[in-house]
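# Summary of structural features
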Amino acid sequence: MVSEEVEAIMVGDATTGEAQYEIAFDPLDGSSNLDVAAPTGSIFGVYRRDDDAVNFSPFESYPRRSMVAAGYALYSSSTELILAGLGENVVGFTLDSDDTFRRSRPVVVCPERGPYYSLNEAREPDWPDGLRMWIDDAKRGRTSSGTEYSARYVCSLAADFHRTLLK
């Protein structure tokens, strides 16, 4: 398992050397929100161990063809768990008062065109020109859809993505 929070790769049961899966995990996405009670989350991807994984490093980016599941947990007014890779559909679960996750979103589908975008506008000087122009047009309703987009950004990928995915 690799984690944003730990520099070294964490090894589970190393006695057999036959691990079938690897996990990439951000255990506390949006941790800068903790002191203001804003949403946070956890993000993960599960990969089947294959030849791509021989030199796996959490600090390098290269194509992986072996992802079998991915998801995130959102910690906010409710705790939601969104999972992909368990079948055809992306599904959502909500933690109830009995500490049990209950399926609350049997099929999660992103709207064809939503009214929001989410990104850190403070990083605008680093954006490529095409993104800068699209954001400028989107704010003014000058996109192909004519939609006047609004920004939503709380600095937690799980929270920002969740809102954008559902709305």
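Residues numbered from 1 in each chain as written. Predicted model: local features only at pLDDT ≥ 70, side-chain atom pairs only at ≥ 80, totals over all residues. Heavy atoms only, no water.

### Overview of the overall build of the chain
Put simply, the test is: Strands are runs of DSSP state E lasting at least two residues, helices are runs of H or I lasting at least four, and both sets are numbered from the N terminus onward. Exposure categories follow from relative accessible area, calculated using a 1.4 Å probe and restricted to protein chains: below 20% of the type maximum is buried, above 50% is exposed, and the middle band is partly exposed. It only takes one pair of heavy atoms within 4.5 Å for two residues to be counted as in contact. Each accessible area is a Shrake-Rupley result for a 1.4 Å probe, and residues are judged covered by the shown protein chains and nothing else.
Along the backbone of the chain there are two helices and nine strands. Element order for the chain, N to C, with α for helix and β for strand: β-β-β-β-β-β-β-β-α-β-α. Residues classed as buried in the chain amount to 29% of the 167 residues present. In the chain, once contacts between residues fewer than 6 apart in sequence are set aside, the share between residues at least 24 apart is 43%. Accessible area for the chain stands at about 11,000 Å²; split by element, carbon and sulfur atoms hold 52% of it.

### Looking at the sheet that holds strand 5 (residues 79-84)
This is how it is decided: At least two bridges found by DSSP between two strands is the condition for calling them paired. Here an axis means a line fitted to C-alpha atoms, over the contact stretch when the element is a helix, while the angle between two N-to-C directions is reported on a 0 to 180 degree scale.
The seven strands are arranged 1-2-3-4-5-6-7 in an open sheet whose pairing can be described as mixed. If you trace the sheet from one side to the other, it starts and ends with strand 1 (2-3) and strand 7 (101-105), each paired once. Two strands pair when backbone bridges link them, and strand 5 and strand 6 (residues 91-95) are joined in this way by four bridges, in the antiparallel orientation. Along strand 6, the bridge assignment pairs I82 with G92. The strands touched by helix 2 (residues 157-166) are strand 2 (21-29), strand 3 (40-48), strand 4 (67-75), strand 5 and strand 7; relative to strand 4, the strand with the most contacts, the crossing angle is about 100 degrees.

### Thoughts on the confidence of the model for the chain
Put simply, the rule reads: On a scale of 0 to 100, pLDDT captures the predictor's confidence in every residue.
Confidence in the prediction for the chain averages 86 pLDDT; 86% of positions are at 70 or higher. Across the chain, strand 6 holds the top mean pLDDT of 97, while strand 1 sits lowest at 80.

### Here's the deal with the packing of aromatic side chains
Basically, it comes down to this: Only the six-membered ring of Trp is used, alongside the rings of Phe and Tyr, when aromatic pairs are assigned; centres must lie within 6.5 Å, and planes under 30 degrees apart are stacked while those over 60 apart are edge-to-face, with the rest tilted. Note on geometry: a ring has a charge over it if NZ (lysine) or CZ (arginine) is within 6 Å of the ring centre and within 35 degrees of the ring normal.
One pass over the full model with this rule turns up three aromatic pairs. With a centroid separation of 6.5 Å and an interplanar angle of 85 degrees, the aromatic rings of Y117 and W134 are classed as edge-to-face. Residue Y117 is located in strand 8 (residues 116-117), and its partner W134 is located in helix 1 (residues 129-139); the two are separated by 17 residues in the primary sequence. Since its relative accessible area comes to 7%, Y117 is described here as buried. Three or more aromatic residues joined by ring pairs make a cluster, and in this case those are Y117, W134 and Y149. Across the ring face of Y116, the terminal group of R163 is positioned such that the distance to the ring centre comes to 4.5 Å.

### Side note on the environment of E4
Relative to the helices and strands, E4 is located in the loop between strand 1 and strand 2. Here E4 falls in the exposed class, since its relative accessible area comes to 57%. Residues in contact with E4, not counting those within four places in the same chain, are F25 and D26.

### Looking at the pattern of salt bridges
We apply this condition: The salt bridge criterion pairs a side-chain nitrogen of Lys or Arg with a carboxyl oxygen of Asp or Glu, the two atoms within 4 Å.
By the definition in use, this model includes nine salt bridges. Close ionic contact of R132 with E124 constitutes a salt bridge, the shortest N to O distance being 2.5 Å. With a relative accessible area of 26%, R132 lands in the partly exposed category. E124 gets classed as partly exposed once you look at its relative accessible area, which sits at 28%. One salt bridge in this structure joins D129 and R132, with 2.8 Å as the shortest N-O distance. Residue D129 and its partner R132 are both found in helix 1; the two are separated by three residues, about one turn of the helix. Within this structure, D136, D137, R140 and R142 form a network of salt bridges that share partners.

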